[in-house]
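Spelled out, the chains give:
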Amino acid sequence: MADLSLEVNGRKLPVTNVDPSTPLLWVLRDQLGLVGTKFGCGGGYCGACTVQLDGNPVRSCSVTVASAANGRITTIEGLANDNVLHPLQQAWIELDVPQCGYCQAGQLMSAASLLSKNPTPSDADIDAAMSGNLCRCATYTRIRKAIHQAAAELNGGA
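Below: a short report on this structure. Because the structure is predicted, anything quoted here is derived from the model rather than measured. Residue indices follow the written sequence of each chain, beginning from 1 at its first position. Two thresholds apply to this predicted model, a pLDDT of at least 70 for residue-level local features and 80 or more for giving and counting side-chain atom pairs, whereas whole-chain, interface and lining totals are computed over all residues. Think of the side-chain values as coming from all heavy atoms in the structure, minus any hydrogens and water.

As for the side chain of S60
With respect to the element layout, S60 can be found in the loop between β4 (56–59) and α2 (65–68). Think of it in three bands: with a 1.4 Å probe and only protein chains considered, a residue is buried below 20% of the maximum accessible area for its type, exposed above 50%, and partly exposed in between. On the accessibility criterion, S60 (0% relative accessible area) is buried. If near-sequence neighbours (up to four positions away) are discounted, S60 is found in contact with P23, L24, L25, T37, C49 and V51. By the criteria applied, helices consist of DSSP H or I runs no shorter than four residues and strands consist of E runs no shorter than two, each listed in order from the N terminus. Contacts were defined at the residue level, with two residues in contact if any of their heavy atoms lie within 4.5 Å.

What follows is the structure, encoded as structure tokens:
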């Protein structure tokens, strides 16, 4: 067991008495109370547990807490800025993207990572970046449209 410090959503947070091999997902949910990140498949295949580690989307069910301890972690709770929704979150609402909603936190985190690296993605760019996030309700068309809308917003409404 170990005591670690994690930088989550811009804050240093202590994590005490944790097995370093524990998946980051369970530390976020059970120890830090950040339950927006969902458990899906447990094998890193579905993307429901996606968070950002140093700006890159990772499957928190497959990343150990020890390997994440030196990075900057962003969860769905940290996507908004001072209670102002991220343009992706706003687009998700305006376009009524989710049906059941279970995968949406992971979808949003992957999409945010995409837009931080590619502010004007093509459909092919979006499809490639989002390919690891599964949606059982098949809202892929609305997800793509919302990403385009958020990209336009982030680029000054162009």
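There's plenty left to go through after this.
Examining the pattern of salt bridges
Just to be clear on terms, a salt bridge is a Lys or Arg side-chain nitrogen sitting within 4 Å of an Asp or Glu carboxyl oxygen. A full pass over the atoms with the stated rule returns three salt bridges. Put simply, R72 and D54 hold a salt bridge, and the shortest N to O gap is 3.9 Å. Of this pair, R72 sits in strand β5 (residues 72–74) while D54 sits in the loop between β3 (50–53) and β4, placing them 18 residues apart in sequence. Residue classification places R72 among the partly exposed residues on the basis of a relative accessible area of 43%. One salt bridge in this structure joins R144 and D123, with 4.0 Å as the shortest N-O distance. Residue R144 is located in helix α6 (residues 140–154), and its partner D123 is located in helix α5 (residues 123–130); the two are separated by 21 residues in the primary sequence. Within the structure, one salt-bridge network assembled from shared partners comprises D123, D127 and R144.

Quick look at the nonpolar core
Definition of nonpolar core: a set of buried residues of the types Ala, Val, Leu, Ile, Met, Phe, Trp, Tyr and Cys, connected through side-chain atoms within 4.5 Å. Among the nonpolar cores identified, the biggest contains 20 residues, and L88, W92 and I147 are the most heavily contacted of them. Secondary structure elements with two or more residues in this core: α3 (87–94), α4 (104–117), α5 and α6. Per element, the largest residue contribution to this core is seven residues, and it comes from α4. Apart from the residues lying within four places of it in its own chain, the contact partners of W92 are V97, P98, Q104, Q107, L108, A111, I143, A146 and I147. Among the nonpolar cores identified, the runner-up in size contains 17 residues, and V18, V27, V51 and I73 belong to it.

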